[in-house]
Amino acid sequence: MLYEAKGQWQQAETKYQTLLELQPSDAFAYKRKVAIAKAQGNLGAAIEALKQYLDTFMADQEAWRELAEIYIALQKYSQAAFCYEELILMETANATWHLMYAEVQYTLGGLENLRIARKYYASAIKLSAGKNLRSLYGLCMCSAVLSQTKGRAKDEEGTELQSLASSVIMKKYKEKCPNKARLVTSFLEKQKL
Amino acid sequence: MVGKYEIGAKAYLKAVLHAAKYKTCAVNGLLIGRVKGDGLDNFSLQILECVPLFHNHLALLPMLEVALLQVEEHFSTVDGGLQIVGYYHANERFDDFELNAVARKIGDHIIRYCPQAVILMLDHKQLAALPKSGSRKPVMQLYMRDVSRVWKQGGTTAELVFQDTTTNNLLEAYMADGRQRLVVDFDEHLDDISKDWMNRALFD
């Protein structure tokens, strides 16, 4: 780590490689290799190093999360979605993973992905007992885009969901942030049209 | 493209303090102001305000869209009507001066509504050198999009200037004071609705 702090990446990497040869189950050394790649801005190498680590330590949630974040930074949304799928499988009741999966699906775009996004925003709302503002907003945005697609049958459940989410958002703003209530109400009204 | 680019103290300070608050993250935000003169020749772009947006997952779309719509609506009623005139971005790493791909994409989107829009990239080296250099120039690199739709640095023909030349002194004073801790971005507002992304109380 001293080499890392000095920015002497090659020496640091060599040391960790030696450590790994002596003890292949050293999680710390794997992670430091990822950190070295990231510090140099070599995200491709960071991904490879993380994948190597996850081959052995596949239950490490922090690692999957880190991998997802790197994929997002590189705009590789499908791969990021895969990471969040793994996290959802590991921890089904954690609203964060549902929320992040929904955000990635929305970013990917397209009807099918937006429908998936809406489902996962809804489950994030359920798991967070309606407290998570991002999932409420996300649901409204999905519904707004989906309802604007022409040639589709009226999606009543979607409209109802959007209305419910909107009213929860407006209630929250009126309670805790009244100076923005008018702005947000106007924003939500525009999404419903 | 021939234009004049000016940045007001409030906008500049919010942007740089935002980056200073989240030293280990990439951050971004919107630049608000007005353009005088039509077309792409002989215009004057004033950046008067700024809304810090995110310090996490900058490349995700949904909350960015929510922010864009709310910011646009809010500022259309302020000061005779202001618009989104640009975007600022600070890279995660100290030695990374590349114009980020996400920055380019968001810039492309903003330029559809404001043809003279700019991207400002924070220059970490200039910021770090500020106490010694005493520079009276913004610690930012200006990018504008040329006719071939490529984002290029402004260079000497298109320079960003302060409206108030003492802005960097103010910045140093605020940073010494630790004022960056009080900056609120849209990310924080989404996590705690009572936090004000307009940062109205920041300079009190």
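Only a predicted model underlies this, so the values are computations on that prediction, with no experimental measurement involved. Note on numbering: residues in each chain are counted from 1, in written sequence order. Here chains are named by letter from A upward and ligands by number from 1 upward, in the order in which they appear as written. Local features in a predicted model are, by the rule used here, given only for residues with pLDDT of at least 70; side-chain atom pairs are given and counted only at 80 or more, and totals for whole chains, interfaces and linings are based on all residues. Excluded from the side-chain calculation are hydrogens and water; included are all heavy atoms of the structure.

## Concerning the overall build of chain B
- Each helix is a run of DSSP H or I of at least 4 residues and each strand a run of E of at least 2, with the numbering of both proceeding from the N terminus. Secondary structure summary: chain B contains six helices and eight strands in total.
- When the helices and strands of chain B are placed in sequence order, the string is β-α-β-β-α-β-α-β-α-β-β-β-α-α.
- With respect to the principal axes defined by its C-alpha atoms, chain B has extents near 40 × 40 × 35 Å.
- Burial here depends on accessible area, computed with a 1.4 Å probe over protein chains only, as a share of the maximum for the residue type. Under 20% is buried, over 50% is exposed, and the range in between is partly exposed. Here chain B holds 204 residues, and the buried ones make up 56% of them.
- Whether two residues are in contact is decided by their heavy atoms, any of which lying within 4.5 Å being enough. The contacts in chain B between residues at least 6 apart in sequence include a share of 71% that link residues at least 24 apart.
- Lys and Arg are tallied as positive, Asp and Glu as negative. Neither His nor the chain termini are counted. Here the site of a charge means atom NZ of a Lys, CZ of an Arg, CG of an Asp or CD of a Glu. A distance of 4 Å separates the average location of the 22 positive side-chain charges in chain B from that of its 26 negative side-chain charges.

## Some thoughts on helix α7 (residues 95–108) of chain A
- In this analysis, the expected span of each helix is defined as 1.5 Å times one less than the number of residues it contains. Over its 14 residues, α7(A) runs 20 Å from end to end, which matches the ideal 20 Å to within 8%, given 1.5 Å per residue.
- Within α7(A), twelve of the 14 residues are buried, leaving the element largely enclosed by the surrounding structure.
- Listed in full, the buried residues belonging to α7(A) are Ala95(A), Trp97(A), His98(A), Leu99(A), Met100(A), Tyr101(A), Ala102(A), Glu103(A), Val104(A), Gln105(A), Tyr106(A) and Thr107(A).
- Against α5 (61–73), α6 (77–90), α8 (111–127) and α9 (133–148) of chain A together with α2 (62–75) of chain B lie the buried residues of α7(A).

## Some points on the side chain of Ser44(B)
Residues and elements named next belong to chain B.
- Examined against the element boundaries, Ser-44 turns out to sit in strand β3 (residues 41–54).
- By relative accessible area, which is 19% here, Ser-44 ends up buried.
- If we ignore the near neighbours within four places in the chain, the residues touching Ser-44 are Lys-4, Arg-34, Val-35 and Lys-36.

## Some thoughts on the interface of chain B and chain A
- Facing 28 residues of chain B, the contacting portion of chain A comprises 32 residues.
- Here's the idea: put two parts together, see how much 1.4 Å probe accessible area each one loses, and the total over both is what we call buried area. Across the chain B/chain A interface, buried area totals approximately 2600 Å², and carbon plus sulfur atoms make up 62% of it.
- A per-residue breakdown of the area chain B buries against chain A is headed by Leu60(B), Glu73(B) and Ile193(B), which together make up 23% of the total.
- For this analysis, a salt bridge means a side-chain nitrogen from Lys or Arg found within 4 Å of a carboxyl oxygen belonging to Asp or Glu. Viewed at the interface, chain A and chain B are joined by four salt bridges.
- Two N or O atoms form a polar contact when they lie within 3.5 Å of each other; inside protein one atom must be a possible hydrogen donor and the other a possible acceptor, and for residues adjacent in sequence the pair counts only when both atoms belong to side chains. Where chain B packs against chain A, one counts 13 residue pairs in polar contact (both at pLDDT 80 or more).

## With respect to the sheet that holds strand β4 (residues 83–90) of chain B
Residue and element names in this part refer to chain B.
- The eight strands lie next to each other as β7-β6-β5-β4-β2-β3-β1-β8, forming an open sheet whose pairing is mixed. Looking at which strands have only one partner, the edges of the open sheet turn out to be β7 (151–153) and β8 (160–162). Each adjacent strand pair in this sheet contributes to an overall mean axis angle of 35 degrees, direction not counted.
- In this description, strands pair whenever DSSP reports at least two bridges between them. By the bridge criterion, three bridges tie strand β1 (residues 2–7) to β8 in an arrangement that is parallel. Across the sheet, residue Glu-6 finds its bridge partner in β8, namely Val-161.
- Between N-to-C directions, angles cover 0 to 180 degrees, with each direction set by a line fitted to C-alpha atoms, over the stretch in contact for helices. Sitting on the sheet, α2 is in contact with β2 (27–36), β3 and β4, with an inclination near 120 degrees to β3.

## Quick look at the UniProt feature "domain: MPN" (unreviewed entry) in chain B
- UniProt positions are given in the numbering used here, feature names are shortened, and annotations may be inferred rather than shown by experiment. UniProt feature "domain: MPN" (unreviewed entry): in the numbering of this structure it lies at residues 5–144 of chain B.
- Strand forms 32% of residues 5–144 of chain B and helix 34%; the C-alpha atoms that close the span are 11 Å apart.

## Considering the packing of aromatic side chains
Residue and element names in this part refer to chain A.
- A pair of Phe, Tyr and Trp rings is counted when the ring centres sit within 6.5 Å of each other, with Trp represented by its six-membered ring. The angle between the planes then sorts it: under 30 degrees is stacked, over 60 is edge-to-face, the rest tilted. Under the defined criterion, the tally for this structure stands at twelve aromatic pairs over all chains.
- Judged by centre distance (6.2 Å) and plane angle (70 degrees), the ring pair of Tyr-30 and Phe-57 falls under edge-to-face. You can see Tyr-30 sitting in helix α3 (residues 27–39) and its partner Phe-57 sitting in the loop between α4 (43–56) and α5, a full 27 residues away along the chain.
- Among the residues examined, Tyr-30 registers a relative accessible area of 12% and is labelled buried.
- Of the residues examined, Phe-57 reaches a relative accessible area of 23% and is grouped as partly exposed.
- Site record: aromatic cluster; members linked through ring pairs are Tyr-30, Tyr-53 and Phe-57.

## Here's the deal with the UniProt feature "repeat: TPR" (unreviewed entry) in chain A
- The feature "repeat: TPR" (unreviewed entry), as given by UniProt, occupies residues 61–94 of chain A in the numbering adopted here.
- With 79% helix and 0% strand, residues 61–94 of chain A has its two end C-alpha atoms placed 12 Å apart.

## Observations concerning the domain arrangement of chain A
Residues and elements named next belong to chain A.
- Each domain span listed reflects an automatic or database assignment of domains. According to the domain assignment, chain A contains domain 1 (1–92) and domain 2 (94–193).
- When each unit is reduced to the centre of its C-alpha atoms, the spacing between domain 1 and domain 2 is 33 Å.
- In this complex, domain 1 contributes 13 residues to the contact, which on the side of domain 2 involves twelve residues.
- Buried surface at the junction of domain 1 and domain 2, both sides included, amounts to about 1100 Å², of which 73% is carbon and sulfur.
- Taken as a group, Tyr-77, Tyr-84 and Ile-88 account for 45% of the area that domain 1 buries against domain 2, more than any other trio of residues on that side.
- Joining domain 1 to domain 2, the criterion identifies zero salt bridges.
- Where domain 1 touches domain 2, the interface holds five residue pairs in polar contact (both at pLDDT 80 or more).
- Elements represented by at least two residues in the side of domain 1 that touches domain 2 include exactly α5 and α6.

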